[in-house]
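Commentary on secondary and tertiary structure
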Amino acid sequence: MARVVKVFRTLRNHWKKSTFAVCVLSYGGHWLYGKHCDNVLRREACLVAREFGRQQIAPQERLRKATVILNPAACSGKANNLFEKNAAPILHLAGVEITIVKTDYEGQAKKMMEVIEQTDMLIVAGGDGTLQEVVTGLLRRPDQETICNIPIGFIPLGSHNSLSPSLHLLSDNKVKDITSATLSILKGETVPLDVLQIKGEKEQPVFALMGLRWGVFRDVAATISKYWYLGPLKTNAAHWFSTLREWPQVREVSVSYLAPSLRPPDLPTQKPPRPNLMYRIARRLKNYWSPPVPEPPKVEEPEQWKEEQLSTLELFVQTHNKNPVKRRINDSLVICSEPDNFTVGEYITVGNKKEEDPTVFTKDSTNLEASACRLHLPEDAAGFYNIDNEEYEAMPVEIRLLPRKLRFFISAERREELLAQM
């Protein structure tokens, strides 16, 4: 008992050192517990992957080949370590023959896609920038119709991963997000995604999966990191300071657009069984004695462009890839335009919401569905576009929808959750 009293007396006499020691031990214990949880997640994912690797294949079959485009500079240079610790062991245990191609500079992934060999699947390990470069490089190829049939997997390793919420269940744990995304690739369930073709007057087209963003909120979002010293108030401060420099910050733009096209029925995933021999012989004889009348050639009607003059704080041309499993009547992109009559308080409130999710728009926003659109900016317009979170100089562009152009791996749990939301 005396020893216990002595310990408490010592803690009371040295309370500053005791408090510091408790804080250090608490933080260290929390850090070690986090590391333990990460190791448990990796182990569980590896056990699931091992079951795929133990499946027998026929003698004439070969291992699946996967080409991984890895951006080591993603996530502040941590992407390579994250991939090697969390994703690579899962792919190896599953018996996938992987070829890892690392990018060294911005734009290299586009050039790699021009010479990529035939592979069973393509895996993009990086962020929005790496994914956009891969998609742009694929769709610039002359044989894009063939190469686009390759399913694509996305492992979120970047600071911005806009496509991940559409494909995977997200959490606050980076290790869990990476392992679950890798396992969804092994399970093989895919979903078709729309692509936007964005073409300027002179340059080659750029392709996007989420959309094009232009306006005041985009410009302010690029400056928020400068106010890091304000902590949780930095977003409010960035929007408030922007109103001191200029108010109102209205942008004028002329939008020409085509009406959306009717979505054709989905093709069956499996080929129907071949008819029996007698049926094929009878069909050939019927076609021989009474050949079918050829259909007259279709006359293409001229495109009917509609024009709208918009006065807005922000314009967002986006796809429906936020919920790719939703059944739609039309193939269309969506032109969203915020109103120009915000007060300063509303402007700051909406800016906070858009910092969390740029695709969120107010009830008073203008929404137009189209199959293609053209943005005509004023001559004195300056600034930048955000195309899938990558910055491009603002200029007049034409945006066309390529419906269900690419197939991406999706987790079954996320598909069920999206279907439940509908």
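The structure reproduced in this document is the subject of the present report.

Basis of the calculations
Residues numbered from 1 in each chain as written. Predicted model: local features only at pLDDT ≥ 70, side-chain atom pairs only at ≥ 80, totals over all residues. Heavy atoms only, no water. Pairing = 2+ DSSP bridges. Helix = DSSP H or I, 4+ residues; strand = E, 2+ residues; numbered from the N terminus. Axes fitted to C-alpha atoms, helices over the stretch in contact; angles between N-to-C directions. Buried < 20%, exposed > 50% of the residue type's maximum accessible area, 1.4 Å probe, protein only. Phe/Tyr/Trp six-rings, centres within 6.5 Å; stacked < 30°, edge-to-face > 60°. Lys NZ or Arg CZ within 6 Å of the ring centre and 35° of its normal.

**Side note on the sheet that holds strand β16 (residues 384–387)**
Pairing is antiparallel across the open sheet formed by 6 strands, whose spatial order is β14-β13-β11-β7-β16-β17. Looking at which strands have only one partner, the edges of the open sheet turn out to be β14 (366–370) and β17 (390–393). Across this sheet, the average inter-strand angle for adjacent strands is 20 degrees, counted without regard to direction. Strand direction decides the pairing type here: strand β7 (residues 211–215) and β16, joined by 2 bridges, are antiparallel. Bridging across to β16, Leu212 finds its partner in Ile387.

**Focus on the pairing of strand β3 (residues 121–126)**
Burial analysis of β3 places 6 of its 6 residues in the buried class, which makes it a mostly covered element. Here β3 shows no split at all, with Met121, Ile123 and Ala125 on one side and Leu122, Val124 and Gly126 on the other all buried. Where β3 and strand β4 (residues 152–156) come together, 5 bridges link them in parallel fashion. Across the sheet, residue Leu122 finds its bridge partner in β4, namely Ile152.

**Brief notes about the packing of aromatic side chains**
In the structure shown here, the tally under the stated rule is 7 aromatic pairs. Aromatic pair Trp228 and Tyr229: ring centres 5.9 Å apart, planes at 80 degrees, arrangement edge-to-face. In this structure Trp228 comes out as exposed when scored by relative accessible area, which is 62%. Over the ring of Trp214 we find Arg251, and its NZ or CZ is 5.6 Å from the ring centre. Over the ring of Phe217 we find Lys354; its NZ or CZ atom is 5.6 Å from the centre of that ring.

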